[in-house]
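Descriptive analysis of the structure
Chain residues, written in single-letter form:
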Amino acid sequence: MRLARPAQRAPGPQLATRPMRNRSTALWIVGAFATALALAVAVLAALGAGERGTHVALQATARLAFVLFWPAYCAGALAALFGPSFQPWRRRVREFGLAFAAALLVHLGLVAWLTYIGHAPSRDTFIFFGSAAACTYMLVLFSVSHLQRALGASGWWLLRIVGLNYIIYAFAVDFFRLPASASAKYLMGYLPFVLLCVAGPVLRVTAFGQRVLTSGGKPWHSGRSSH
Ligand code: HEM
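Reading guide: rules and limits
Residues numbered from 1 in each chain as written. Predicted model: local features only at pLDDT ≥ 70, side-chain atom pairs only at ≥ 80, totals over all residues. Near = placed C-beta within 6 Å. Helix = DSSP H or I, 4+ residues; strand = E, 2+ residues; numbered from the N terminus. Nonpolar A, V, L, I, M, F, W, Y, C, P; charged D, E, K, R; others polar. Core = buried A, V, L, I, M, F, W, Y, C linked by C-beta atoms within 7 Å. Buried ≥ 20, exposed ≤ 12 C-beta atoms within 10 Å, placed from the backbone. Contact = placed C-beta atoms within 7 Å. Axes fitted to C-alpha atoms, helices over the stretch in contact; angles between N-to-C directions. Parallel < 35°, antiparallel > 145°, perpendicular 65-115°, else oblique. Left-handed = near helix turned anticlockwise from the far one by under 90°.

This paragraph deals with the site of the ligand. Around the ligand, 23 residues are found, and the nearest of them are His55, Ala62, Phe129, Ala132 and Asp174. Top contributing element to the shell around the ligand by residue count: helix 5 (residues 123–142), with seven residues. Classifying every residue of the shell around the ligand gives 15 nonpolar, six polar and two charged.

What follows is the structure, given as structure tokens:
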């Protein structure tokens, strides 16, 4: 008969939940990548893998990536402004960010395909959107806790402010680029994305203002990060 080991301590709550958390983060990453890939494959199958099909697949994957990016950008502000109902979003901010980065990989794969078939985007597009992609993967890299510690609280705060705002600006630039001759139906398709691009920074600035007013001038980047 085996004896129970009375002296053994139960693992602390963090140790017990970390593998589960890692598994759920991995699920978010794989899920987002698989969804973006399925979307791209479906569009290319329907419209062909030529220039037009690839452009539509780029649009579809950009929209999916945006839907994942937006909560990563805003969850902290939403929780600060509207309270506990947004706490589950806030707790998942890192997962949303990593899922966005995973979906963006498919978008970048489509860019590579477009270039391969002889319709490379312009140099300016590479520089402007390439910088947004670089910000994305810098944020991914420094979301790893020991790298983040090496960067320091102020460095991580600065990277998030610059990176996240540059990324939403890149989304806005593309979503706002509407042809003058666009039909009402076409415009309606863009409206939610345009509104969210505006609402995001407004929410963050409002939450920031509220924090400055309530913290009485204490440095706002010395506490725990929300990303
Ligand atoms: C974080 C990085 C990126 C963001 C935020 C982003 C965002 C977007 C958005 C919002 C769209 C349009 C979606 C729509 O019209 O519904 C789009 C499409 C596109 N993107 Fe990206 N993109 C990124 C990276 C890149 C890179 C690095 C390139 C190429 C160098 C690129 C090339 C394109 C192209 C060619 C299209 C299709 C344009 C069209 O057919 O209208 N993107 N992207």
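Before going further, it helps to examine the nonpolar core. Ranked by internal contacts, the top residues of the largest apolar core, which has 39 residues, are Ala65, Leu68, Phe69, Ala72, Ala99, Phe100 and Ala103. Of all elements in the fold, only helix 1 (13–47), helix 2 (51–82), helix 4 (93–116), helix 6 (145–175) and helix 7 (184–215) reach the threshold of two or more residues within this core. Broken down by element, this core gets its largest block of residues, 15 residues, from helix 2. In contact with Leu68, other than residues within four places in its own chain, are Ala32, Phe96, Ala99, Phe100 and Ala103.

On to the packing of helix 4 against helix 5, then. Viewed as axis vectors pointing N to C, helix 4 and helix 5 meet at an angle of 140°, and their least axial separation amounts to 10 Å. With respect to helix 5, the element helix 4 is oriented oblique. With respect to the hand of their crossing, helix 4 and helix 5 are arranged in left-handed fashion. Residues Gly97, Leu98, Ala101, Leu104 and Leu108 of helix 4 lie in contact with helix 5, whose contacting residues are Ala133, Thr136, Tyr137, Leu139 and Val140. Here the contact of helix 4 with helix 5 is built from residues that sort into eight nonpolar, two polar and no charged.

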